[in-house]
Amino acid sequence: MIDKTVDTPAEAVSSIVEGSVVMIGGFGEAGSPIELIHALIDQGTRNLTAINNNTGNGEVGLAALIGNGQVSKMICSYPRSSHSKLFPELYRAGKIELELVPQGTLAERIRAGGAGIPAFYTPAAVGTSLAEGKEKREFDGREYLLEHWLKADFALVKCETSDRMGNLTYNKTARNFGPLMCMAARTTIVQARVIVEPGEIDPEHVVTPCVFVDRIVEVSEPLHESRLIAEGRRYP
Amino acid sequence: MIDKTVDTPAEAVSSIVEGSVVMIGGFGEAGSPIELIHALIDQGTRNLTAINNNTGNGEVGLAALIGNGQVSKMICSYPRSSHSKLFPELYRAGKIELELVPQGTLAERIRAGGAGIPAFYTPAAVGTSLAEGKEKREFDGREYLLEHWLKADFALVKCETSDRMGNLTYNKTARNFGPLMCMAARTTIVQARVIVEPGEIDPEHVVTPCVFVDRIVEVSEPLHESRLIAEGRRYP
Amino acid sequence: MKGVAGMATGWSREQMATRAAQDIPDGSYVNLGIGIPEMVAQFVPRGRVFVYHTENGLLGMGPAPSAGAEDPELINAGKAPVTTVPGASFFHHADSFAMIRGGHIDVCVLGAMQVSARGDLANWSTGAADAIPAVGGAMDLVAGVDSIFVITTHVTKTGEPKIVEECSYPLTGRGVVSRIFTDLAVVDVTPRGLEVLELAPGVSFEEVCENTGAPLRRLDR
Amino acid sequence: MKGVAGMATGWSREQMATRAAQDIPDGSYVNLGIGIPEMVAQFVPRGRVFVYHTENGLLGMGPAPSAGAEDPELINAGKAPVTTVPGASFFHHADSFAMIRGGHIDVCVLGAMQVSARGDLANWSTGAADAIPAVGGAMDLVAGVDSIFVITTHVTKTGEPKIVEECSYPLTGRGVVSRIFTDLAVVDVTPRGLEVLELAPGVSFEEVCENTGAPLRRLDR
């Protein structure tokens, strides 16, 4: 049997090296692989390009990774949060680069990376400042922008249940970018609340087939970002 | 509550008019909405453009629709079958048009139609006769072809379970093109083996969300194409 | 131009949401933006059912949960806790924006900083030099959803019109807004220009014109 | 050129499949074409596990069911009944070809009508005027999967070489084949040309060359 499980978040992220492009799942705190991110903070790997819808909250998880100076570039749709000043401060100080992408275009670019589609056309952002420098083209009398795939060296994703082979299910709206990022990274690292044996997940219910997953670690009681923030916690 | 159920396959397909583009689910017999197709044969609607991976088997279902002269153009990847001569005969006689599309490109074009992506680039068919007349473009040193979305006026799809709102699950490899075609048609017509109340399908297990479905009819004991063919049956 | 803030007449936030809800057909799939647009769900006309989509991966969104029943992994696009209704489904972000971009969502109700006479919408950035640009899903929504409704106060807190000839703020989309619901009026964006469909009680067409930065036509009905 | 059909030496169909299976690493995700390629699953080397993908929407495909246990809605790309193994999953066609096009399937084993010296593959059409063109997923597979293995008899039934300088049949893809397993030899497609890695028992390098339509180099190992 193929067994992709490893013992600790530290072991799971150990192959991430300086300069890597890292997709990080989650929309706000839902689906954020906080234990994997904290392991990456412990490891101290720098000069990362991070791809996430947001830029984190408070001073834990993704916000802490950014605050710790490990991220040199963010690709995201909404780098604003009522709970975190870490990204804004670094951005205003010119210490972090930002590529702003409309949310649906971000999702589709990641899917394209996973699906071997180097580029596609989308109507989003036509006629706006985010279209500047982008190739335009008309189809059936309407204008579209050319957008390119996004791929990554690593993806960090949180799921609900994984079998040892890496078939995944998610929990409610924590699904969000997870299935797409699993497809688009060379090495996909997953934290699962529960790890089960192959066959325990109904083949009809698998959301991410195991071919997209490389490494799995069980985190049975994941931290909740909002609770950490309410408690005023920071990482490390 | 939104209730999209209708009583009979005949009622379900009644709005399909001459000249319509109709996507028909199924890969071989798996997922073929045979009762909906037979209702369309009963209705006699002609000059259809049909989109399916194949061209049907024996003299029932899609093959019978073609044999009945109702299809003027087929868009498919594999119009050959050891069990049916209906398409080949019409094709050789110049009575039916064929647009041959590689299977993955066919699937992606249908998804693009459903997802509002007018065109995308793919490496499939580069350097082959199917690339003739298609726009080529290089990305990262590799050549790709530009492919356009496929949309339809109607989709005929078979699923396993639908709730009255149109949330669908499928059965094993009968899923194939169904979820994509539901997205890409203006009007999506579904035959379900079972219809249940909203809430009976776990929201985590829904494969096709109800927003993609317009009309549902219960066919609790669908015919099996292979059994009909083994019995030498033909339709009508 | 007169300050509207002090006016006793005009629609309240609740009334604006109520009025917008009246123009959404029964059975519609609806995406509601943060703020007043969210309130539309509280004022659905009797006999109609709307199905709510939230772009972070849920169709069939229900109201906020009772205190203590929040689930940090069941949230809406504004990152607030929500619930599901019977017939709900979860899906990933690419499928969610396929619904949006593919034209499957019938109506999207958004807030606005400015709307132009041709239906251009500005609602994501002031364009200020030190602002952190953050667009989220707004550009995808306005490009993909058939009917874009805007609910907004007719003027800013400082009395500046929000309905203008040309937006001065960065655009979210060009020619995308179909109808505007303000505290003073309901305004349609048409190929012939802006048309006032309805006035709030006690508000005159002239008052609306005075508080609008673009020409308005009055529809006789 | 000598007729190979009459030769007593060379590998059988089973031996060709066995030899190909030896070159697939443990843990690979594998797509097997119809015919001899399918037989690879019967000859997996001890200690290795392969996970089988079939492009009609199943990962974790198992062997054919016993007679009477066939399910018409559980089939493979050749439309034959199959089973699932623990850890299987079902998905739709766009996701299935995302696996293929996105480079997630490690090895694909296909049959061939012709393979050229540069790894061009022809396996979908004779190009005959009255043929019904039917391509299926072959063009997607060869464009997307990293390692394309071909299993084929070295020559046609009439003794014509299938490994040629240039394919005369319509191409499935250009420069896509990485290794060819025939009844006579294992041949690698390299930037330096075709290289014979291994000869079937009792077959000489010269015999292979005589039955091949393109120059071959012999690897000293």
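Residues numbered from 1 in each chain as written. Chains lettered and ligands numbered in written order. Predicted model: local features only at pLDDT ≥ 70, side-chain atom pairs only at ≥ 80, totals over all residues. Heavy atoms only, no water.

(A) Seen up close, the overall build of chain A. The secondary structure content of chain A amounts to 7 helices and 12 strands. Over its C-alpha trace chain A gives a radius of gyration of 18 Å, about what one expects of a compact globule, namely 18 Å for 236 residues. With the principal axes as the frame, chain A shows a C-alpha extent of 50 × 40 × 30 Å. Long-range pairs, those at least 24 residues apart, make up 75% of the contacts in chain A between residues at least 6 apart in sequence. Summed over its atoms, the accessible surface of chain A is roughly 8200 Å², and 43% of this surface lies on carbon and sulfur atoms. If the 24 positive side-chain charges of chain A are averaged to one point and the 30 negative ones to another, these points end up 6 Å apart. (Helix = DSSP H or I, 4+ residues; strand = E, 2+ residues; numbered from the N terminus. Rg over C-alpha atoms; globule rule 2.2 N^0.38 Å. Contact = heavy atoms within 4.5 Å. Areas by Shrake-Rupley, 256 points an atom, 1.4 Å probe, with all protein chains shown as cover. Lys, Arg positive; Asp, Glu negative; His and termini not counted. Charge placed at Lys NZ, Arg CZ, Asp CG, Glu CD.)

(B) Quick look at the interface of chain A and chain C. Facing the 46 residues of chain A at the interface are 35 residues of chain C. Across the interface of chain A and chain C, roughly 3300 Å² is buried in total on both sides, 62% from carbon and sulfur atoms. Three residues, F27, K172 and T173 of chain A, lead the burial of chain A against chain C; their summed loss comes to 19% of the area buried on that side. Along the contact surface separating chain A from chain C lie 2 salt bridges. Between K158 of chain A and E73 of chain C there is a salt bridge, with the nearest N and O atoms lying 2.8 Å from each other. The interface formed by chain A and chain C holds 20 residue pairs in polar contact (both at pLDDT 80 or more) in total. (Buried area = accessible area lost by both parts, 1.4 Å probe. Salt bridge = Lys/Arg side-chain N within 4 Å of Asp/Glu carboxyl O. Polar contact = N/O pair within 3.5 Å; in protein donor to acceptor, adjacent residues only side chain to side chain.)

(C) Layout of the sheet that holds strand 1 (residues 29–32) of chain C. Residue and element names in this part refer to chain C. Strand order in the open sheet made by the 10 strands is 4-3-2-1-5-8-10-11-12-13, with mixed pairing throughout. Looking at strand neighbours, the two that pair on one side only are strand 4 (83–90) and strand 13 (216–218), the edges of this open sheet. Pairwise comparison of adjacent strand axes, ignoring direction, gives a mean angle of 30° for this sheet. With 2 bridges joining them, strand 1 and strand 2 (residues 51–54) adopt parallel strand pairing. When the bridges of strand 2 are listed, V30 appears paired with Y52. Docked against the sheet, helix 1 (residues 13–22) engages strand 8 (147–151), strand 10 (177–181), strand 11 (185–190) and strand 12 (193–199), running at close to 165° with respect to strand 8. (Pairing = 2+ DSSP bridges. Axes fitted to C-alpha atoms, helices over the stretch in contact; angles between N-to-C directions.)

(D) Seen up close, the pattern of salt bridges. Applying the stated criterion across every chain, the model contains 46 salt bridges over all chains. Here R164 of chain A ties to E197 of chain A by a salt bridge, and the two come within 2.9 Å at their closest N and O atoms. Taken as a pair, R164 of chain A in the loop between strand 9 (152–163) and strand 10 (168–169) and E197 of chain A in the loop between strand 11 (185–196) and strand 12 (215–218) lie far apart in primary sequence, 33 residues in all. Among the residues examined, R164 of chain A registers a relative accessible area of 25% and is labelled partly exposed. What makes E197 of chain A partly exposed here is its relative accessible area of 37%. Between E147 of chain B and K134 of chain B there is a salt bridge, with its nearest N and O atoms 3.0 Å apart. Within this pair, whereas E147 of chain B is found in strand 8 (residues 142–148), its partner K134 of chain B is found in the loop between strand 6 (119–122) and strand 7 (136–139), the two being separated by 13 residues in sequence. Overall, the relative accessible area of 25% leaves K134 of chain B in the partly exposed class. (Buried < 20%, exposed > 50% of the residue type's maximum accessible area, 1.4 Å probe, protein only.)

(E) The arrangement of the environment of V109 of chain D in detail. Residues and elements named next belong to chain D. Counting through the fold element by element, V109 comes out in strand 5 (residues 107–110). V109 sits in the buried class, given a relative accessible area of 0%. Taking the C-alpha atoms as reference points, V109 and P37, separated by 72 residues in sequence, lie 5.6 Å from one another. Discounting residues that sit within four places of it in the chain, V109 has contacts with I24, N31, L32, G33, P37, V40, F149 and I151.

(F) Here's a closer look at the interface of chain B and chain C. Facing the 21 residues of chain B at the interface are 18 residues of chain C. Across the chain B/chain C interface, buried area totals approximately 1600 Å², and carbon plus sulfur atoms make up 65% of it. Together, I2, P203 and V211 of chain B form the three largest contributors to the area buried by chain B at its contact with chain C, with a combined 32%. For the interface between chain B and chain C, the tally reads 6 residue pairs in polar contact (both at pLDDT 80 or more). Taken together, the residues of the side of chain B that touches chain C break down into 13 nonpolar, 4 polar and 4 charged. (Nonpolar A, V, L, I, M, F, W, Y, C, P; charged D, E, K, R; others polar.)

(G) Spatial organisation of the packing of aromatic side chains. Overall, the coordinates contain 11 aromatic pairs over all chains when judged by the stated rule. Centroid distance F50 of chain C to Y52 of chain C: 6.4 Å. Interplanar angle 80°. Geometry classified as edge-to-face. An aromatic cluster of at least three residues, connected via ring pairs, comprises Y121, F139 and Y144 of chain A together with Y121, F139 and Y144 of chain B. Positioned above the aromatic ring of F27 of chain B, the side-chain terminus of K79 of chain D is 4.7 Å from the ring centre. (Phe/Tyr/Trp six-rings, centres within 6.5 Å; stacked < 30°, edge-to-face > 60°. Lys NZ or Arg CZ within 6 Å of the ring centre and 35° of its normal.)

(H) The arrangement of the packing of helix 5 (residues 103–115) of chain B against helix 2 (residues 93–101) of chain D in detail. Relative to each other, helix 5 of chain B and helix 2 of chain D sit at 125°, their axes nearing to 9 Å. The pairing of helix 5 of chain B with helix 2 of chain D is recorded here as oblique in orientation. Helix 2 of chain D is crossed by helix 5 of chain B, and the crossing has left-handed handedness. Residues Q103, G104, T105, A107, E108 and R111 of chain B of helix 5 of chain B form the contact with helix 2 of chain D, whose participating residues are H93, A94, F97 and R101 of chain D. (Parallel < 35°, antiparallel > 145°, perpendicular 65-115°, else oblique. Left-handed = near helix turned anticlockwise from the far one by under 90°.)

(I) A look at unusual backbone geometry. In this structure, P236 of chain A follows Y235 of chain A across a cis peptide bond, with omega equal to 5°. For D140 of chain B, which is not a glycine, the phi torsion comes out positive at approximately 45°. Tracing the backbone through its elements, the reader meets D140 of chain B in the loop between strand 7 and strand 8. Here D140 of chain B falls in the exposed class, since its relative accessible area comes to 71%. Although it is not a glycine, K172 of chain B sits at a positive phi angle of roughly 50°. Mapped onto the fold, K172 of chain B is located in the loop between strand 10 (168–169) and helix 6 (178–184).

(J) Geometry of the side chain of R109 of chain B. Residues and elements named next belong to chain B. Locating R109 in the fold gives a position in helix 5. You can call R109 buried: its relative accessible area is 8%. Polar contacts involving the side chain of R109 include one to the side chain of E99, which spans 3.0 Å. Those residues in contact with R109 that sit more than four places away from it in its chain are E99, V101, F120, E147, H148, W149 and L150.

(K) A look at the pairing of strand 11 of chain A. Residue and element names in this part refer to chain A. The buried fraction of strand 11 is high, at 9 of 12 residues. Bridge count between strand 9 and strand 11: 10 bridges; the pairing is parallel. Within the sheet, the bridge partner assigned to K158 lies in strand 11 and is Q191. Summarising the sheet, strand 11 and strand 12 pair through 4 bridges and their orientation is parallel.

(L) Spatial organisation of the confidence of the model for chain C. Residues and elements named next belong to chain C. Per-residue confidence for chain C gives a mean pLDDT of 94, with 95% of residues at or over 70. Taken as a whole, residues 1–6 scores under 50 in pLDDT and shows 10 contacts with residues more than four places along the chain or in a different chain. Reported confidences for the modelled complex are a pTM of 0.97 and an ipTM of 0.97. (pLDDT = per-residue confidence, 0-100.)

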